[in-house]
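Summary of structural features
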Amino acid sequence: MQRLSILLFLGFLCLGLAMLLSCGDDDDDDNDDNADVDDDADDDADDDADDDADDDLDDDADDTGEWGFSWSAAWPEEEETAVYSGGFEDNMVDMNVQIDYGIDFEGETWDQLTVGNPAPGEAGGVLIFDRSTPWEIRVKSVTVYTRLIENDYSFMEYYDDPVVFPLDIPLGESLETQGESTVYFGEDDDDPLELTHEYSLKVIDLDRSVDLEFGTLTGCIAVEITFPDDDGVQPFIILIHPEYNVVYFENAPGVALMEMASPWSL
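Described in the following lines is the structure provided in the data block.

Reading guide: rules and limits
- Residues numbered from 1 in each chain as written.
- Predicted model: local features only at pLDDT ≥ 70, side-chain atom pairs only at ≥ 80, totals over all residues.
- Heavy atoms only, no water.
- Salt bridge = Lys/Arg side-chain N within 4 Å of Asp/Glu carboxyl O.
- Helix = DSSP H or I, 4+ residues; strand = E, 2+ residues; numbered from the N terminus.
- Buried < 20%, exposed > 50% of the residue type's maximum accessible area, 1.4 Å probe, protein only.
- Pairing = 2+ DSSP bridges.
- Phe/Tyr/Trp six-rings, centres within 6.5 Å; stacked < 30°, edge-to-face > 60°.
- Patch = residues over 30% accessible without salt bridge, like charges linked within 9 Å, V, L, I, M, F, W, Y side chains within 5 Å.
- Areas by Shrake-Rupley, 256 points an atom, 1.4 Å probe, with all protein chains shown as cover.
- Lys, Arg positive; Asp, Glu negative; His and termini not counted.
- Charge placed at Lys NZ, Arg CZ, Asp CG, Glu CD.

**With respect to the pattern of salt bridges**
Oppositely charged side chains can form a pair if their charged atoms are brought close together. By the definition in use, this model includes four salt bridges. Note that R131 and D111 form a salt bridge whose closest N and O atoms lie 2.4 Å from each other. You can see R131 sitting in the loop between β4 (124-130) and β5 (136-145) and its partner D111 sitting in strand β3 (residues 108-116), a full 20 residues away along the chain. In this structure, R131 and D111 share a single accessibility class: buried. Residue D130 pairs with R138 through a salt bridge whose shortest N-O separation is 3.3 Å.

Structure follows, in C-alpha cells:
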C-alpha cells in the first residue's frame, strides 16, 4: 500500500515528542511497548488499499495528485501503528502513532490521529480531521496531554470552522493557508486564547534519499514548511516516501530530529 502522511500532523508529532522529552526519562517502560523495527518491511508492503480506510472518501473526486500518489491508497490500514523516534542526540524517545477512521465527534463523522498515550497524567494527544476530499485535509481539533498535568488535558485547540490544508502542490511551488482557532487550557478553561495561524508549504525535491534504522529509502519528496513564531518565520523540512509515509523531520518544532523507527504495521 502506498502511504502519504498528512503534512499538518508533522508539528503535532513533533510536539508530542517534545512533551515526552520535557517529562524526563521516566517513560522508558512505555517505550518498551512500541513496535519493533520491521526488517522485512520492503517484502511485506501491501499493494492493496485498505477498504476501511477508503469508506469515507469521495469516490467522484480526482484520486491522483501532483506527486503521483493515489489518495485512496495513501492511508494505513485500520489498527496499524507506526513508531517515530525523535529528540536530541543524547535524549531520544519513541512514540506510537495510530489513525482511526469514521469516529463520531460532535455528531459528525471524522477521522482521528492518536499519538502516544492521550490521557491525563500521560504524554500524548489526539487530532480530529477529515480527509474525504482527495488531497485536502480539514482539521477540527487538537488535544494534548502531558505528565505534568494529572487531572486534565494540557490544552485543546479547536477550530469552529475547520482549517483547510490543500496538499496537491507541484514541485517548486508554494501553498499558503490560514485558520483561526480557540485554545482551551485544561486547568483554566475560563481563559481561552484566540489565535490566527498562517502556514506555507513548498515542495523542494521529488527524489531525496535517507538512511533509517530499517534501510535506505530513495525517491522521497522533500517539503519545506514555514510558520511564524515569536522569533520570526521558522522553516523545517520533512521527507515523505510513497510507501512508508513521512519518514524524516529536520529542524522540527520542539526537537532537533525525528525519524521513522518502525513502518506502519499491525
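**Regarding the pairing of β4**
Counting buried positions along β4 yields seven of seven residues, so the element is predominantly enclosed. The two faces of β4 match: G124, V126, I128 and D130 on one face and G125, L127 and F129 on the other face are all buried. Of the pairings in the sheet, the one linking β3 to β4 comprises six bridges and is antiparallel in character. Considered in β4, the bridge of Q112 is made with I128. Taken together, the seven bridges between β4 and β5 define a ladder with antiparallel strand orientation. Residue pairing across strands places D130 opposite R138, the latter belonging to β5.

**Regarding the packing of aromatic side chains**
For the coordinates displayed, the defined rule picks out three aromatic pairs. Ring geometry for W75 against F129: centres 6.0 Å apart, planes inclined by 20°, an arrangement best described as stacked. Residue W75 is located in the loop between α4 (51-54) and β1 (81-88), and its partner F129 is located in strand β4; the two are separated by 54 residues in the primary sequence. Note on accessibility: W75 and F129 belong to one class, buried. Between Y145 and Y153, the ring centres sit 6.5 Å apart and the planes meet at 90°, which makes this aromatic pair edge-to-face.

**Digging into unusual backbone geometry**
Of note, the phi angle at E79 is positive, near 75°, even though the residue is not glycine. Secondary-structure assignment places E79 in the loop between α4 and β1. Its relative accessible area of 57% is what places E79 among the exposed residues. A positive phi is found at E106, a non-glycine position, where the angle reads about 55°. If you trace the backbone, E106 turns up in the loop between β2 (91-105) and β3.

**Notes on a negative patch on the surface**
A contiguous patch of negative charge on the surface is contributed by D104, E106, E108, D160, D161, E180 and E194. Checked against the element boundaries, E194 lands in strand β8 (residues 188-212). The class for E194 is exposed, based on a relative accessible area of 57%.

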